[in-house]
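# Breakdown of the fold
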Amino acid sequence: MGVLGAGWVAGTANGATLSTGDAVTGTTPTTSGTTTSRTTSTTSGTTTSSSTGTYTDGTYTGATATHRFGSVTVTVTISGGKITNVTANVVNDGQGKSNQINSSAVPTIKSRVIAANSASVSTVSGATYTTGAYLTSLQSALSKAS
């Protein structure tokens, strides 16, 4: 099954659309031949999974994370147990290239974090150092909200 098919199957409980309150329990084969269990349920249209956390409402600032070209300090706002806003204080080495990279990477990281409701997002291509520091500081903030 292709990636799109796998996403469709995972999002619709093996092709069956879920109604509010339905739950799906299944197993997923792994490369070692064993299977792992996963339970997903829906409530009022919102999907909750055992792999995502809920957070305590408030505003939390993470530890400053430094990298080769500067540092990042992230502040996260939690409302209704979800990440609703993320701001980052980015200090760079003053190089024009760093400014250019950060001006496009930081908004991209922010939107990915809010969409995922976690620090488990992919690295922004061309901004490996900034992404790593951003997510490290974010994780520090989220640990305070857990």
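Reading guide: rules and limits
- Residues numbered from 1 in each chain as written.
- Predicted model: local features only at pLDDT ≥ 70, side-chain atom pairs only at ≥ 80, totals over all residues.
- Heavy atoms only, no water.
- Helix = DSSP H or I, 4+ residues; strand = E, 2+ residues; numbered from the N terminus.
- Contact = heavy atoms within 4.5 Å.
- Areas by Shrake-Rupley, 256 points an atom, 1.4 Å probe, with all protein chains shown as cover.
- pLDDT = per-residue confidence, 0-100.
- Core = buried A, V, L, I, M, F, W, Y, C linked by side-chain atoms within 4.5 Å.
- Buried < 20%, exposed > 50% of the residue type's maximum accessible area, 1.4 Å probe, protein only.

## So, the overall build of the protein chain
Within the protein chain, the regular secondary structure consists of three helices and seven strands. Ordered by position from the N terminus, the helices and strands of the protein chain form the series α-β-β-β-β-β-β-β-α-α. Counting only contacts in the protein chain whose residues sit at least 6 apart along the sequence, the fraction spanning at least 24 positions is 39%. For the protein chain, the accessible surface area stands at approximately 8,600 Å², while carbon and sulfur atoms represent 53% of it.

## What to know about the confidence of the model for the protein chain
Scored by pLDDT, the protein chain has a mean of 75; 64% of the residues are at 70 or more. Note that residues 1–51 has pLDDT below 50 and, in this model, 49 contacts with residues that lie over four places away or in other chains.

## Comments concerning the nonpolar core
When a protein is soluble and globular, its nonpolar side chains tend to lie buried together. Judged by nonpolar contacts, the single largest core of 24 residues is most densely connected at Val76, Ile78, Ile83, Val113, Tyr134, Leu138 and Leu142. Listing elements by their share of this core, those giving two or more residues are β6 (70–79), β7 (82–92), α2 (96–116) and α3 (128–145). The element best represented in this core is α3, accounting for seven residues. Dropping the residues within four chain positions of it, Ile83 is found in contact with Tyr55, Val76, Thr77, Ile78, Val113, Ile114, Asn117, Ser118 and Leu142.

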